[in-house]
Amino acid sequence: MRLSQAFQPTLKEVPAEAQIASHRLMLRAGLVRQSSSGIYTWLPAGLRVLRNIANIVRQEQDRIGGQEILMPTVQSAELWRRSGRYDAYGPEMLRIEDRQGRELLYGPTNEEMVTDLFGGTVKSYRELPKMLYHIQWKFRDEIRPRFGVMRGREFYMKDGYSFDLSYEDAVSSYYRIMLSYLKIFRRLGVQAVPMAADTGPIGGELSHEFLVLAPTGESEVFYDAGWDEIDWDSIGLDPQKEEDLQKLREIVKTTYSATDEKHDLSAWEAVPEDRRRGGRGIEVGHIFYFGTKYTESMGVEVSGADGAPLHPHMGSYGIGVSRLVGAIIEASHDEAGIIWPEEVAPYRAALLNLRPGDELCDQLCESIYGRDPEGLLYDDRSDRAGVKFNDADLMGHPWQIIVGPRGAKAGMVELKHRATGERSELALDEALAKLGLA
Ligand code: 5CA
């Protein structure tokens, strides 16, 4: 994309309404604009990040047997009356009436809809297990929307739902998802620790939240240093192997972690003092096992191996995709701007032409840009070099390819790595090879 043509409105001023770094940076870097309280428009660069996150989530869900569907945002109140949650959910639910006076709602989550879908389709134990997920907009009329996309009213969520024949199978599904989530968050460049959690309006008895440490997080967290020390890549637990899921359960059981809601002082005191870690955290995911709560209340059964009907055991698994954009920035920025992890960055590199109009600079830039117009943001504007440096740092591309008249003459470019600030003068071929553009 050529920056001169891009819809990429960066701001110099710090917007007054933004209290935390990620919100300020998302507005300043031109990722989102507020439309009304807790509701945002995603601009091109922000949308690229949102899609990159969703795609990583998708790949990892598919890898463990998830099947993607897309359920509607608008649901019928009738469905929620069947589970008994229509009245229980309270004022967070946006209730709508259509022209015929039928009661509808804008979905805050999809347990009822997916249970109904499953019940109308799956009849035999032979068809289980099943894991369905979708990535869809949700609405919750939060009493205090704040911190930009972090606590929005409209937000983008991956919600997945598992159906199993027995408690044991359902608990295996639960830990399989937990392992998959740990991998997703690593790929997103954040460290998220699973913590024992309350189940709230979703219900059930087994639940973990995934928290990214950040001083601006809404929850207080307590955990054993073991969570910082585990090298998940090298222990290589395989989500398809039952024995590896058992190992994960053992790690969860023996390595303390909890948010303030579930903090257990006597268990905490058993953690050696020098291994106690604490701080604040942002909840980026939440998983639940709730057994037959919805299949029973909504009358969903399959025939078992012995012919007798049974209610499948369910779990639901959420990831806050839009919240993650803010959480990643909270965990990865400096005074100059955002520092995108490679896999989520809107563009892999910015290409800075320091002297547009100079024939050699233009030629060199065009030849680089032509190699990957989708993945490069070409700053071809006629602005001063300082403006370009500042904007590139603010937008946080992992790499900057800097082309100036002196280097261009010698066939050299400068490469800057945003995360480390390291700069090196390289021959064009070498620079292209380093960025995988050769
Ligand atoms: N049905 C379950 C699991 S699919 C569920 O809805 N869980 S949840 O309520 O915990 O939401 C899942 C994730 O969505 C949360 O962990 C959080 O990351 C994100 N989320 C929840 N509310 C908001 C909000 N108001 N703004 C942005 N993200 C949110």
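Scope of this entry: the structure provided in the associated data block. Source: prediction; values computed, not measured. (Residues numbered from 1 in each chain as written. Predicted model: local features only at pLDDT ≥ 70, side-chain atom pairs only at ≥ 80, totals over all residues. Heavy atoms only, no water.)

## Some points on the nonpolar core
Heads up, the rule is: To form a nonpolar core, buried Ala, Val, Leu, Ile, Met, Phe, Trp, Tyr and Cys residues must be joined to one another through side-chain atoms within 4.5 Å. Note on exposure labels: buried denotes an accessible area under 20% of the residue type's maximum, exposed denotes more than 50%, and partly exposed covers the range between, all computed with a 1.4 Å probe on protein chains only. The helix count covers DSSP runs of H or I at least four residues long, the strand count covers runs of E at least two residues long, and both are numbered beginning at the N terminus.
The biggest cluster of nonpolar side chains holds 75 residues, and the ones touching the most others in it are Ile-53, Phe-185, Leu-188 and Trp-340. It is helix H6 (residues 167–187) that provides the largest number of residues to this core, a total of 11 residues. By size, the runner-up hydrophobic cluster in this structure holds 24 residues, among which are Tyr-89, Ile-202, Met-298 and Val-302.

## A word on the pattern of salt bridges
Rule in force here: One side-chain nitrogen of Lys or Arg within 4 Å of one carboxyl oxygen of Asp or Glu is enough to make a salt bridge.
Applying the stated criterion across every chain yields a total of 31 salt bridges. Among the ionic pairs, Arg-381 bridges to Asp-383, the shortest N-O distance being 3.5 Å. Residue classification places Asp-383 among the partly exposed residues on the basis of a relative accessible area of 33%. One salt-bridge network, held together by shared partners, links Glu-60, Arg-63, Lys-183, Arg-187 and Glu-343.

## Side note on the state of the cysteines
The cut-off we apply is this: We call a pair of cysteine sulfur atoms a disulfide whenever their separation is within 2.5 Å.
Tallied over the entire structure, the rule returns zero disulfides. Take Cys-365: it sits in no disulfide, and the sulfur closest to it among the cysteines is that of Cys-361, at 6.3 Å. For Cys-365, a relative accessible area of 0% translates into the label buried.

## What to know about the layout of surface pockets
Short version of the rule: Lining residues are defined by having an atom within 4 Å of a point belonging to a cavity or pocket. Those points lie on a 1 Å grid over the protein atoms alone, cavities being sets where a 1.4 Å probe fits but cannot get out and pockets being open sets with protein on both sides within 12 Å along at least five of seven lines. Grid points are joined across faces, edges and corners, and a volume is the space filled by probe spheres set on the points.
Estimates place the volume of the largest pocket at around 940 Å³. Considering the residues around the largest pocket, the lining is formed by 42 residues, among which Arg-140, Arg-151, Glu-283, His-286 and Arg-323 are closest to the centre. Broken down by element, the residue count for the lining of the largest pocket peaks at seven residues, all from strand E13 (residues 276–291).

## Description of the site of the ligand
Our working definition: Working definition: residue near molecule or strand if any one of its non-hydrogen atoms lies within 4 Å of it. Nitrogen and oxygen atoms within 3.5 Å of one another constitute a polar contact, given that in protein one can donate a hydrogen and the other can accept it, and given that sequence-neighbouring residues count only through two side-chain atoms. Using the Shrake-Rupley algorithm and a 1.4 Å probe, accessible areas are obtained, with residue cover drawn only from the displayed protein chains. Any molecule with more than half of its atoms within 2 Å of a cavity's or pocket's grid points is counted as sitting in it. Any residue outside Ala, Val, Leu, Ile, Met, Phe, Trp, Tyr, Cys, Pro, Asp, Glu, Lys and Arg is labelled polar, Gly included; the first ten of those are nonpolar and the last four are charged.
Around the ligand sit 22 residues, and of these Thr-109, Glu-111, Arg-140, Gly-152 and Glu-283 come closest. Within the side chain of Glu-283, one N or O atom sits 2.4 Å away from an oxygen atom of the ligand. When the ligand sits alone it has 600 Å² of accessible area, and the protein chains cover 95% of it. Cavity membership is defined here by more than half of the atoms lying within 2 Å of grid points; on that basis the ligand lies in the largest pocket. When residues in the shell around the ligand are grouped by element, the largest group, five residues, is from E13. Residues belonging to the shell around the ligand are distributed by class as follows: eight nonpolar, seven polar and seven charged.

## As for the environment of Gly-386
Residue position: Gly-386 is located in helix H14 (residues 385–395). Exposure remark for Gly-386: the relative accessible area of 30% places this residue in the partly exposed category. Distance from Gly-386 to Lys-262, taken between C-alpha atoms, is 50 Å for residues 124 residues apart in sequence.

## Quick look at the pairing of strand E22 (residues 412–417)
Let me state the cut-off plainly: DSSP-based pairing: two strands are paired if at least 2 bridges between them are found.
Note that strand E21 (residues 399–403) and E22 share four bridges and pair antiparallel. Following the sheet pairing, Trp-399 is matched in E22 by His-417. With five bridges connecting them, E22 and strand E23 (residues 423–427) associate as antiparallel partners. If you follow Leu-415 over to E23, its bridge partner there is Ser-424.

## What about helix H2 (residues 44–63)?
We apply this condition: The length a helix should cover is 1.5 Å for every residue beyond the first. Here, residues are in contact when the closest pair of their heavy atoms is within 4.5 Å.
If you check H2, its first and last C-alpha atoms are 28 Å apart, about what 20 residues at 1.5 Å a residue would give, namely 28 Å. For H2, the complete set of buried residues consists of Ala-45, Gly-46, Val-49, Leu-50, Ile-53, Ala-54, Ile-56, Val-57, Glu-60 and Gln-61. Buried residues along H2 sit against strand E2 (39–42), strand E7 (130–139), strand E8 (154–164), H6, strand E16 (313–320) and helix H12 (321–331). At the exit of H2 stands Gly-65, carrying a positive phi of roughly 95°.

## Observations concerning the packing of H2 against H12
Helix packing geometry: the angle between the two helix axes and the distance between the axes. Rule in force here: Helix axes are fitted to C-alpha atoms over the stretch in contact, other axes to C-alpha atoms as well, and angles between N-to-C directions run from 0 to 180 degrees. Any angle from 65 to 115 degrees is called roughly perpendicular, while one under 35 is roughly parallel, one over 145 is roughly antiparallel, and all others are oblique. Each helix crossing is assigned a hand: it is left-handed if the near helix lies turned anticlockwise from the far helix by less than a right angle, otherwise right-handed if that turn is clockwise.
Contact pair H2 / H12: the axes reach a minimum separation of 9 Å and the direction vectors enclose 110°. Considered as vectors, H2 and H12 are oriented roughly perpendicular to each other. Handedness of the H2/H12 crossing: right-handed. When H2 is examined against H12, the residues Val-49, Leu-50, Ile-53 and Ala-54 are found in contact with a partner set consisting of Val-321, Ser-322, Leu-324, Val-325 and Ile-328.

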